[in-house]
Amino acid sequence: MNQPLEKPLFPPYVALLIGVIAVSSSAIFVKLSSAPAPIIATYRLVFSVVLTLPFLLWNRGALAEIGKMNKKVWLLCLLSGAFLASHFLLWFESLNYTSVASSTVLVTLQPLFAFIGGYFFFGERVRPLALSGGLLAIAGSFVIGWGDFQVGGMALFGDALALLGAVTVTGYWLVGQYVRQHMSSFAYTLVVYTATSAILVAYDLALGYPLAGYPAQDWGWFFCLALFPTLLGHSIFNWVIKWLNTTTISMGILGEPIGTAILAYFILGEVVTVPQWVGGLIIIGGIYLFIRYNQPAKGVSPGEQAPPTPKKLA
């Protein structure tokens with residue numbers, strides 16, 4: 001299954017930046033919707049699948065590729081979908097118990113789990129300067145949310161859910177990092193989004209959430225969530241993860257709170273606070289240090305960085 005890695009048609013780091021800008025809109029659309037969090041997550045993925053399906057007419061090779069998937073790849077794609085569904089459910093549910101700032105900051109701890117997962121599953125090493133940049137960016141996230149942190153009682157339960165959300169989304173990226181070396185982005189994305197949708201629908205039915213009866217504007221926000229943060233965000237990450245590893249993508253996603261704060265200023269009229277400005281600058285500096293000093297894969301330039309082959313799955 002190991003094949004020479006082809007050169008990307010588009011600069012991976014530019015694609016990562018576009019994806020981060022797109023996912024920054026997620027919290028805005030969620031806040032504008034009045035539907036329960038699990039329903040928002042469900043239709044975000046269902047609409048993503050619906051919007052993706054017509055492209056099968058243009059990319060018929062993906063359908064043949066899906067038909068030839070072996071049992072191992074199917075199981076890995078289902079595992080990836082389970083991780084993604086769990087991430088959305090844990091993160092959205094955490095917002096019912098703790099503050100938005102607390103939840104968002106804890107979810108952005110995913111690079112720490114990516115460092116660990118990348119080391120054990122892919123044998124990745126992070127240079128000291130790159131690691132310091134990663135820790136600096138994480139510290140910037142804490143600066144942004146520190147004033148709104150809640151501790152104790154149900155807030156602590158919500159914080160735990162958010163932290164588990166960081167673990168599950170890291171699992172999603174790690175599985176994708178492996179599978180995408182042997183599967184096209186379109187086929188992988190379609191299979192994983194379909195699996196995630198099925199899991200979320202089953203969750204809604206099990207807990208008694210109605211699948212219909214929501215205001216017309218909510219359906220518009222569901223569509224926006226599918227189009228922007230999912231298809232133009234997560235789908236781009238699914239493409240770029242063939243060249244940039246889980247740790248690098250997790251680091252890039254730390255820029256999401258910055259984009260969200262800017263969008264909230266223009267769309268929701270929210271004020272950008274001094275801690276947000278300071279934390280944002282710290283995050284940008286940390287991400288720059290990480291990308292500048294991160295060790296690229298052997299034989300691949302930094303602009304075309306490729307994840308190494310997993311030690312335990314190859």
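Residues numbered from 1 in each chain as written. Predicted model: local features only at pLDDT ≥ 70, side-chain atom pairs only at ≥ 80, totals over all residues. Heavy atoms only, no water.

## Focus on the nonpolar core
Membership of the largest hydrophobic core comes to 72 residues, with the highest contact counts inside it found for C77, V179, M183 and I249. If one sorts the elements of this core by residue count, helix α5 (residues 71-94) sits on top with nine residues. The residues contacting V179, other than those within four sequence positions of it, are V73, L76, C77 and Y188. (Core = buried A, V, L, I, M, F, W, Y, C linked by side-chain atoms within 4.5 Å. Buried < 20%, exposed > 50% of the residue type's maximum accessible area, 1.4 Å probe, protein only. Helix = DSSP H or I, 4+ residues; strand = E, 2+ residues; numbered from the N terminus. Contact = heavy atoms within 4.5 Å.)

## Quick word on the packing of α5 against helix α10 (residues 185-207)
Between α5 and α10, the least distance of the axes is 8 Å, while the angle of their chain directions is 50 degrees. In this view, α5 runs oblique relative to α10, as classed from their interaxial angle. When you trace α5 past α10, the crossing you get is right-handed. For the pair α5 and α10, the contacting residues are W74, C77, L78, S80, G81, A82, L84, A85 and L89 in the first and Y188, V191, V192, Y193, A195, T196, I199, L200 and Y203 in the second. Looking at the contact of α5 with α10, its residues break down into 15 nonpolar, three polar and no charged. (Axes fitted to C-alpha atoms, helices over the stretch in contact; angles between N-to-C directions. Parallel < 35°, antiparallel > 145°, perpendicular 65-115°, else oblique. Left-handed = near helix turned anticlockwise from the far one by under 90°. Nonpolar A, V, L, I, M, F, W, Y, C, P; charged D, E, K, R; others polar.)

## A short note on the packing of aromatic side chains
To describe a pair of aromatic rings, one takes the distance between the centres and the angle between the planes. Throughout the structure, instances matching the rule amount to 16 aromatic pairs. Following the ring pairs from residue to residue traces out a cluster consisting of Y43, F47, Y214, W219 and F222. Across the ring face of Y293, the terminal group of R292 is positioned such that the distance to the ring centre comes to 4.9 Å. (Phe/Tyr/Trp six-rings, centres within 6.5 Å; stacked < 30°, edge-to-face > 60°. Lys NZ or Arg CZ within 6 Å of the ring centre and 35° of its normal.)

## Looking at the environment of V107
Structurally, V107 is set in helix α6 (residues 100-107). Measuring from C-alpha to C-alpha, the distance between V107 and A162 comes to 5.5 Å, with 55 residues separating the pair along the chain. Contacts of V107, omitting those with residues within four sequence positions, involve H87, W91, A162 and A166.

## A word on helix α11 (residues 216-240)
Along its 25 residues, α11 runs 34 Å from first to last C-alpha, staying within 8% of the 36 Å computed at 1.5 Å per residue. Largest kink in α11: about 40 degrees, centred on T230. (Expected span 1.5 Å × (residues − 1). Bend = angle between axes of the 7 residues up to and from the residue.)

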